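Fold and contact review
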Amino acid sequence: MSTTKTRGGYTLIEMLVVIAVLGVMTTLATLTIAMLMRQERASTAALLAANSIQRLDRMLRHDVHAATAVRIETNDPDVSQLILSRPGQADIAWHSENGEIRRRTLGTAATRETYRIRAKTATWIVEDMPTGRQLVSLVVRPVTTTDHVPADTFPVQVTAEVGRDLDVEDTP
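Residues numbered from 1 in each chain as written. Predicted model: local features only at pLDDT ≥ 70, side-chain atom pairs only at ≥ 80, totals over all residues. Heavy atoms only, no water.

Quick notes on the environment of Ala110
In this structure, Ala110 sits in the loop between β4 (100–105) and β5 (112–116). A relative accessible area of 53% means that Ala110 is categorised as exposed. Between the C-alpha atom of Ala110 and that of Ile92, which follows or precedes it by 18 residues, the distance is 9.4 Å. (Helix = DSSP H or I, 4+ residues; strand = E, 2+ residues; numbered from the N terminus. Buried < 20%, exposed > 50% of the residue type's maximum accessible area, 1.4 Å probe, protein only.)

Structure representation (structure tokens):
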């Protein structure tokens, strides 16, 4: 009788197959994690832009509703300012610069606020209504980028009626 010993273990081919499968799985996991991180950055940027737009909308409407007079100044051909005059208070200037919308209070106690919304252009429009009132609109167009910005983020238009809050205060 012949006795042969059988060895327990794996062949070289089996080990190479396992290493190849692990390599493919590691590559897929790395690509998935990178894609998730990229999506998270894009989502965070979109959320920050949406929050900035909300704050801008709220503050611009408040300022326009409290104003008695509106004018647009163009000192620089590329930059136009919206100047809001309020009774008994300092004027407020709004303008766009470098993809941001900026608000500043003119006068002795000057304040500044910046809304970062990655805007390519921001256009101020003042329209006269048949009622004798004025409407102020801000239209913001997006910066063209390669990353994905949700379609509902741009373009943005904020419209408010000048002096609306003054009517509320005057009513008995």
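Digging into the side chain of Ser137
The topology assignment puts Ser137 in strand β7 (residues 134–142). Setting aside chain neighbours within four positions, we find Ser137 in contact with Thr123, Trp124, Ile125, Glu127, Gln157, Val158 and Thr159. (Contact = heavy atoms within 4.5 Å.)

Overview of the packing of aromatic side chains
By the definition in use, this model includes 2 aromatic pairs. Plain terms: the ring middles of Trp94 and Tyr115 are 5.8 Å apart, the flat faces sit at 15° to each other, and that makes the pair stacked. One end of the pair, Trp94, is in strand β3 (residues 92–97); the other, Tyr115, is in strand β5, and 21 residues separate them in sequence. The exposure class assigned to Trp94 is buried, which follows from its relative accessible area of 0%. Linked through ring pairs, Trp94, Tyr115 and Trp124 together constitute an aromatic cluster. (Phe/Tyr/Trp six-rings, centres within 6.5 Å; stacked < 30°, edge-to-face > 60°.)

Thoughts on the side chain of Asp63
By the element assignment, Asp63 lies in helix α1 (residues 12–66). Ignoring any residue separated from it by four or fewer positions in sequence, one finds Asp63 in contact with Leu84, Ile92, Trp94 and Arg103.

With respect to the sheet that holds strand β8 (residues 156–161)
On the basis of which strands lie adjacent, the open sheet formed by 3 strands has the order β6-β7-β8 and antiparallel pairing. The open sheet is flanked by β6 (119–128) and β8, the only strands paired with a single partner. For this sheet, the mean inter-axis angle between neighbouring strands, taken without regard to orientation, is 15°. Of the pairings in the sheet, the one linking β6 to β7 comprises 9 bridges and is antiparallel in character. Looking at β7, one finds that Thr123 is bridged to Val139. Against the sheet, α1 contacts β6, β7 and β8, and its axis sits at roughly 20° relative to β8. (Pairing = 2+ DSSP bridges. Axes fitted to C-alpha atoms, helices over the stretch in contact; angles between N-to-C directions.)

Considering the confidence of the model for the protein
Averaged over the protein, the pLDDT score is 82; the fraction of residues at 70 or greater is 87%. Within the protein, no element has a lower average pLDDT than helix α2 (residues 164–170), which sits at 59, and none a higher one than α1, at 92. Confidence over residues 168–172 falls short of pLDDT 50; this stretch has 0 contacts with residues more than four positions distant or in other chains. (pLDDT = per-residue confidence, 0-100.)

Quick notes on the pairing of β7
Hairpin connection, β6 to β7: the antiparallel pair is bridged by 5 residues, and Gly132 has positive phi, about 95°. As paired elements, β7 and β8 share 6 bridges and run antiparallel to each other. Bridging from a neighbouring strand, Leu135 pairs with Glu161 of β8.

Comments concerning the pattern of salt bridges
Two side chains carrying opposite charge are able to pair once their charged atoms lie near each other. Following the criterion strictly, the structure yields 7 salt bridges and no others. Among the salt bridges present, the one from Arg61 reaches Asp57, with a minimum N-O distance of 2.8 Å. With Arg61 and Asp57 both in helix α1 and 4 residues apart, the pair spans about one turn of that helix. For Arg61, a relative accessible area of 31% puts it in the partly exposed group. Arg71 serves as the salt-bridge partner of Glu73, at 3.1 Å between the closest nitrogen and oxygen. One network of salt bridges, with partners in common, ties together Asp63, Arg103 and Glu113. (Salt bridge = Lys/Arg side-chain N within 4 Å of Asp/Glu carboxyl O.)

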